[in-house]
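Read off the chains here:
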2 protein chains.
Amino acid sequence: MVGVSLRPEVTMAQRKRQLVSDELTEAALQLMAQEGFDAVTVDAIAAAAGVSKRTFFRYFASKEDVVVQFLADMGAGMHAELAARPAAEPPSTALRHAVWVAMAACADGAEHSGRALRVVQLILRTPALRARFLEHQAQWRDDLAVEAARRRGLDPEADLYPRLAAGAALVAFDTVLRRWSDSDGADDPADLTDRAFAALAPALDAD
Amino acid sequence: MVGVSLRPEVTMAQRKRQLVSDELTEAALQLMAQEGFDAVTVDAIAAAAGVSKRTFFRYFASKEDVVVQFLADMGAGMHAELAARPAAEPPSTALRHAVWVAMAACADGAEHSGRALRVVQLILRTPALRARFLEHQAQWRDDLAVEAARRRGLDPEADLYPRLAAGAALVAFDTVLRRWSDSDGADDPADLTDRAFAALAPALDAD
DNA sequence: AACTTCTTGACACCTGGTGACATCAACGAC
DNA sequence: GTCGTTGATGTCACCAGGTGTCAAGAAGTT
């Protein structure tokens, strides 16, 4: 346990928390891959991870969250990337890079293990999970819209453009993700993303 | 009851069914307007309509459905309108008319009574309802995409354009609906719709 | 009147989700 | 070393959404 004591900045309680969280996620994904989302009860997931049902809900707000939680980071990543793009860049380019942050997270995870792909397929096939996914996207859209408005010096409440542009970017993301999922990861995400934004660019970059 | 017997094509059982359904919807919307979606139980709705909880679930698949069910018709209306537009019409125009069918349903309902407006606001403010709304939209998107593909002689599975165009149209719908809702119905839906599609047209109509 | 069909209510049951409380391990202060 | 504190956990009770089942009743049929 030498390596442990060399990291005083991370308390043991925190590491244990992370461990339980991972265990829960792992158990959930494995069970759901076999039986499907609806057939797996929270009790079963908790039991498989060696904790109680009550503890599960101390880590995840809902049964859907254990599958979908990682999306929160992707949203933050997109937002941050858009904010970091040079102000002079055309909207279609900036948004393409922002969306690519999210898409790359899926594609990279898929490279080694195909785990991300299976999770995406599970989400897109399960109504309850798809609904949560769409809710996340709605949040992303709000965030991207305020950022897009800021870049152009517009009022996100008064002008239509920011929400339209953010929505269009997410439509591209959605379309690419679905194609990638339907092709079992065979199609190239980067190429798909470029083509989708090429089609949308005329509207994104119009004055 | 003379008027009744003059319509043999509509059985009494069917009319009664419609009546109970309306009563349930009415009770639900009224209660939710006062207390909010989450605070109203299915038992309370059923009791207010004079039926049992079990009967409620024979009419609606979920508590959300009693609020959101009318969306199903709007989706069918959009799809039908797109299919009915002349083939020579540019995509942006055809899609604008299709979306307007849905938007007009909201706006008309609001003209007299403001009921549609309140329902839309309830949906957009309540996460559970918004999620269901987004699921409906996802279905609309699939339907619009196959229709858009048919109009252009494309394969909806192979080409990106159909799903992109359908998605963009729904982003316009969404943006307009939200603006209309946020302005408490003050903004003109028709004008908003035109402006949104004007912004999107360059992408929709590109070759 | 007897029969059939459709609708309903009553009841039991499962599951997701939450509040309350007791317990136990880790940690710091004395 | 002991004591109090803090945080994570398990247990239990409970609520609400949702479903299966069955028996009773109204409507329409022969």
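Small disclaimer: the values here were computed from a predicted structure and weren't measured.

K.L.:
Explain the protein's contact with DNA strand C here, please?
P.N.:
As a matter of local geometry, DNA strand C sits amid 16 residues, with Lys53(A), Lys63(A), Thr55(B), Arg58(B) and Tyr59(B) nearest to it. For DNA strand C, the fraction of protein-proximal atoms (within 4 Å) that sit in sugar or phosphate groups is 48%. One of the side-chain nitrogen or oxygen atoms of Tyr59(B) is found 2.8 Å away from a phosphate oxygen of DNA strand C. Those elements that provide at least two residues to the surface near DNA strand C are helix 4 (53-59) of chain A together with helix 4 (53-59) of chain B. Counting residues per element, the surface near DNA strand C draws most heavily on helix 4 of chain B, at 4 residues. For the surface near DNA strand C, a count of residues per class yields 6 nonpolar, 5 polar and 5 charged.

K.L.:
Is there a simple way to explain the relation of the copies chain B and chain A in this structure?
P.N.:
Mapping between the two chain copies consists of a rotation about an axis together with a translation along that axis. Of the transformation superimposing chain B on chain A, the axial component is 0.0 Å and the angular component is 180 degrees, with the fit at an RMSD of 0.1 Å. Taken together, the rotation and translation relating the two chain copies correspond to the operation of a two-fold axis. Of the residues that chain B buries at the interface, 100% are likewise interface residues in chain A, meaning the two copies contact each other through the same surface.

K.L.:
Looking at this structure, how should I read the UniProt feature "DNA-binding region" (unreviewed entry) in chain A?
P.N.:
The sites that UniProt annotates as "DNA-binding region" (unreviewed entry) are residues 41-60 of chain A. When the span residues 41-60 of chain A is considered, its composition is 75% helix and 0% strand, and the gap between its end C-alpha atoms is 14 Å.

K.L.:
Looking at this structure, how should I read the interface of chain B and chain A?
P.N.:
Many structure descriptions define interface size as the accessible area lost when the parts assemble. Each side of the interface is counted separately: chain B has 30 residues, and chain A has 30 residues. For the pair chain B and chain A, the two sides together bury roughly 2600 Å², of which 63% comes from carbon and sulfur. Close ionic contact of Arg141(B) with Asp174(A) constitutes a salt bridge, the shortest N to O distance being 3.4 Å. Run the count over chain B and chain A and you get 12 residue pairs in polar contact (both at pLDDT 80 or more).

K.L.:
What am I meant to see in the confidence of the model for chain A here?
P.N.:
A low pLDDT means the predicted coordinates there should not be read in detail. With 94% of its residues at a pLDDT of at least 70, chain A reaches an overall mean of 92. A low-confidence stretch, residues 1-8 of chain A stays under pLDDT 50, and its non-local contacts, those more than four residues away or across chains, total 1 contact.

K.L.:
Mind showing me how you'd approach the packing of aromatic side chains here?
P.N.:
Within a pair of aromatic rings, the relevant descriptors are the distance that separates the centres and the angle that separates the planes. Tallied over the full model, the rule gives 8 aromatic pairs over all chains. With 5.2 Å between their ring centres and 80 degrees between their planes, Phe56(B) and Phe57(B) make a pair best called edge-to-face. A relative accessible area of 34% places Phe57(B) in the partly exposed class. Above the face of the Phe37(A) ring, Lys63(A) is positioned so that its terminal group lies 4.5 Å from the ring centre.

K.L.:
What's the story with the protein's contact with DNA strand D in this structure? I'm lost.
P.N.:
Contacts to DNA strand D come from 18 residues, most closely from Thr55(A), Arg58(A), Lys53(B), Arg54(B) and Lys63(B). Near the protein, within 4 Å, the atoms of DNA strand D are sugar or phosphate in 45% of cases. A distance of 2.6 Å separates a base nitrogen of DNA strand D from a polar side-chain atom of Arg58(A). Here a phosphate oxygen of DNA strand D sits 3.2 Å away from a polar atom, N or O, in the main chain of Val42(B). Of all elements in the fold, only helix 2 (12-35) and helix 4 of chain A together with helix 4 of chain B reach the threshold of two or more residues within the surface near DNA strand D. With 4 residues, helix 4 of chain A is the largest single contributor of residues to the surface near DNA strand D. Its residues assigned to classes, the surface near DNA strand D comprises 7 nonpolar, 5 polar and 6 charged.

Rules behind the numbers
Residues numbered from 1 in each chain as written. Chains lettered and ligands numbered in written order. Predicted model: local features only at pLDDT ≥ 70, side-chain atom pairs only at ≥ 80, totals over all residues. Heavy atoms only, no water. Near = heavy atom within 4 Å. Polar contact = N/O pair within 3.5 Å; in protein donor to acceptor, adjacent residues only side chain to side chain. Helix = DSSP H or I, 4+ residues; strand = E, 2+ residues; numbered from the N terminus. Nonpolar A, V, L, I, M, F, W, Y, C, P; charged D, E, K, R; others polar. Least-squares fit on C-alpha atoms with pLDDT ≥ 70 in both. Contact = heavy atoms within 4.5 Å. UniProt positions renumbered as here; feature names shortened; annotations may be inferred. Buried area = accessible area lost by both parts, 1.4 Å probe. Salt bridge = Lys/Arg side-chain N within 4 Å of Asp/Glu carboxyl O. pLDDT = per-residue confidence, 0-100. Phe/Tyr/Trp six-rings, centres within 6.5 Å; stacked < 30°, edge-to-face > 60°. Buried < 20%, exposed > 50% of the residue type's maximum accessible area, 1.4 Å probe, protein only. Lys NZ or Arg CZ within 6 Å of the ring centre and 35° of its normal.

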